[in-house]
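Below are the chains, spelled out letter by letter.
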Amino acid sequence: SGNGFYQLYKNYYNDIGDSLKTGSFRVNKLCLPVLVQFRVARLLWMQAGVQYYGIINVKDNSNLLKDAKQLFKSGNTAGIIGATVHLGNADIGARALFDFTNLNNLNTNDVWKQYMFQAHVGVKIF
């Protein structure tokens, strides 16, 4: 919760002088979606499924945290739901992704979950 984040996790910072405003870290992960697509109407298709992902790398170039790799669970599963409209040679669609499990790997009661929204536009070439 905004102002309380630093107070909750100050034991994980390298230096008390560090702050979230000046430091940053990057989490790289590999995602594998498994979707089922079914036709709802002539032009409309729905998608539903799961996405498995694992954290490959955590880059903490600011040296903000004591051990950035230990902050997050290494693997997770998320649900996906979406829709695509097929218009001739073009596709327009969107889908939402929501985590099933807590990403927080620390000894705290806080729940860290990810929610994403993806939109796409595609053109068939062949």
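**Notes on the overall build of the chain**
Scanning the chain from N- to C-terminus turns up 1 helix and 5 strands. Along the chain, helices (α) and strands (β) appear in the sequence α-β-β-β-β-β when read from the amino end. Looking at the chain as a whole, 25% of its 126 residues qualify as buried. Pairs at least 24 apart in sequence give 56% of the contacts found in the chain among residues at least 6 apart. Entry remark: accessible area of the chain is about 8700 Å², with carbon and sulfur atoms responsible for 57%.

**Regarding the side chain of Asn-76**
Residue position: Asn-76 is located in strand E3 (residues 75-87). A distance of 3.3 Å separates polar atoms of two side chains, one belonging to Asn-76 and the other to Asp-99.

**Remarks on the sheet that holds strand E4 (residues 90-99)**
Read from one edge to the other, the open sheet built from 5 strands follows the order E1-E2-E3-E4-E5, with strand pairing classed as antiparallel. Two strands close off the open sheet at either side, each with one partner strand: strand E1 (26-39) and strand E5 (115-123). In this sheet, adjacent strand axes meet at a mean angle of 25 degrees when their direction is disregarded. Two strands pair when backbone bridges link them, and strand E2 (residues 44-59) and E3 are joined in this way by 11 bridges, in the antiparallel orientation. Residue pairing for E3: Trp-45 is matched across the bridge by Thr-84.

**Looking at the environment of Leu-30**
Counting through the fold element by element, Leu-30 comes out in strand E1. The class for Leu-30 is exposed, based on a relative accessible area of 57%. Along the sequence, Leu-30 and Ile-56 sit 26 residues apart, while their C-alpha atoms lie 6.6 Å from each other. If sequence neighbours within four positions are ignored, Leu-30 has contacts with Tyr-52, Tyr-53, Gly-54 and Ile-56.

**Some remarks on the confidence of the model for the chain**
When the pLDDT values of the chain are averaged, the result is 77; 63% of them are 70 or greater. Least confident of the elements in the chain is helix H1 (residues 4-9), whose mean pLDDT is 58; most confident is E4, at 93.

**Quick notes on the environment of Arg-42**
Turning to its location among the elements, Arg-42 is positioned in the loop between E1 and E2. Looking at Arg-42, the relative accessible area reads 67%, which means it is exposed. The spatial distance from the C-alpha of Arg-42 to the C-alpha of Val-85 is 9.1 Å, given a sequence separation of 43 residues.

**What about the side chain of His-86?**
Following the sequence through the fold, His-86 ends up in strand E3. Its relative accessible area of 19% is what places His-86 among the buried residues. A polar contact is formed between the side chain of His-86 and the side chain of Asp-91, at a distance of 2.6 Å.

Rules behind the numbers
- Residues numbered from 1 in each chain as written.
- Predicted model: local features only at pLDDT ≥ 70, side-chain atom pairs only at ≥ 80, totals over all residues.
- Heavy atoms only, no water.
- Helix = DSSP H or I, 4+ residues; strand = E, 2+ residues; numbered from the N terminus.
- Buried < 20%, exposed > 50% of the residue type's maximum accessible area, 1.4 Å probe, protein only.
- Contact = heavy atoms within 4.5 Å.
- Areas by Shrake-Rupley, 256 points an atom, 1.4 Å probe, with all protein chains shown as cover.
- Polar contact = N/O pair within 3.5 Å; in protein donor to acceptor, adjacent residues only side chain to side chain.
- Pairing = 2+ DSSP bridges.
- Axes fitted to C-alpha atoms, helices over the stretch in contact; angles between N-to-C directions.
- pLDDT = per-residue confidence, 0-100.

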